[in-house]
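Here is how the chains run, residue by residue.
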Amino acid sequence: MKHISIGKLHIVYTEKSDGNMRDTENRKKVLHAFGFESVYLPKQKHTNNILPVEEHNKKDADGLYTDKKNTPIGVLTADCMPVILTDSKTIVVIHAGWKGLFEGILEKGVDLFKNKNNVFCFIGPSAKDCCYYVKEDFLENTKKYGIKLNKRYLKRDKEGFRFSLQEVAKDKLKNKGVNHIVDFSKCTICSEDFFSYRNGDFNERILTFAWLTEV
Ligand SMILES: [Zn+2]
């Protein structure tokens, strides 16, 4: 696992060596290392819903937020993007695959903040455009959702089309006034360190979670 701390913000993402994070016992081991018993997770279904942490069980959602300190919230992923938004008072953790991304889950996350200029965004380990090949029907979806393709979003080689979820995410965030974006994502498909749905890890997941401290 890797732990990143910047001021009051703490972010942890797990690696293959930490085990499958769908397993409660594996999760506990990681959480104990930071003094936590549990992590709030949404009932992920590729929606664009974001709920307050108190309602994490109420309905399907792909993001949670809280302004409580020392309250870890997280998402489970294998190729989709874990995205963290914070202004140091409120923290939002989002699971963004292409569908949630196209359906505006990041914009919904940004809308939880009054002053967008103070918002920092972090993008965690996810499928990158070195490996994320997409088919014709995917390109149809970009049209359907009004994503205008350009050379940063879509690259072509002998094998087909490679797509960048991260570049779309960055533009969506910038359009909402978020200018501090840290993309520390390593590619989950070609890095050995992560589970990857595209590589056949259909049931295994990494966990990305984050929390704010008082000082
Ligand atoms: Zn790659």
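First, a word on scope: everything that follows refers to the structure included in this document. Predicted, not measured: the structure shown is a model, and the values here were computed from it.

As for the overall build of the protein chain
Helix and strand counts for the protein chain stand at five helices and 13 strands. The C-alpha atoms of the protein chain give 16 Å as radius of gyration, which agrees with the globular expectation for 215 residues (17 Å, within 12%). Taken along the three principal axes of its C-alpha coordinates, the protein chain extends 50 × 40 × 30 Å. Counting over 215 residues, the protein chain shows a buried share of 37%. In the protein chain, of all internal contacts separated by at least 6 residues, the share reaching a separation of at least 24 is 65%.

Side note on the environment of S88
Along the chain, the position of S88 falls in the loop between β6 (81-86) and β7 (91-96). Among the residues examined, S88 registers 14 C-beta atoms within 10 Å and is labelled partly exposed. It is 8.6 Å that separates the C-alpha atoms of S88 and N118, two residues lying 30 residues apart in sequence. Contacts of S88, omitting those with residues within four sequence positions, involve G7, K8, L9 and L212.

Description of the nonpolar core
One finds V83, V93 and A169 to be the most contacted residues of the largest nonpolar core, which totals 52 residues. With six residues, the single largest contributor to this core is strand β13 (residues 206-212). Setting aside its immediate chain neighbours within four residues, A169 contacts M81, V83, A96, L101, L106 and I123.

Concerning the pairing of strand β5 (residues 73-77)
Residues in a regular strand point their side chains to alternate faces of the sheet. β5 sits mainly inside the fold: five of its five residues count as buried. Burial along β5 is two-sided: the residues I73, V75 and T77 and G74 and L76 are all buried. With five bridges connecting them, β5 and β13 associate as antiparallel partners. Its bridge partner lying in β13, L76 is registered against L207.

Section: the sheet that holds strand β9 (residues 133-134)
Strand pairs in the sheet, formed through backbone hydrogen bonds, run parallel or antiparallel to each other. Here we have three strands laid out as an open sheet, ordered β9-β11-β10, and antiparallel in their pairing. Strand pairing shows two members of the sheet lacking a second neighbour, β9 and β10 (154-157), which therefore form its edges. Summarising the sheet, β10 and strand β11 (residues 160-163) pair through four bridges and their orientation is antiparallel. Paired with R156 across the bridge in β11 is F161.

Cut-offs applied
- Residues numbered from 1 in each chain as written.
- Predicted model: local features only at pLDDT ≥ 70, side-chain atom pairs only at ≥ 80, totals over all residues.
- Helix = DSSP H or I, 4+ residues; strand = E, 2+ residues; numbered from the N terminus.
- Rg over C-alpha atoms; globule rule 2.2 N^0.38 Å.
- Buried ≥ 20, exposed ≤ 12 C-beta atoms within 10 Å, placed from the backbone.
- Contact = placed C-beta atoms within 7 Å.
- Core = buried A, V, L, I, M, F, W, Y, C linked by C-beta atoms within 7 Å.
- Pairing = 2+ DSSP bridges.

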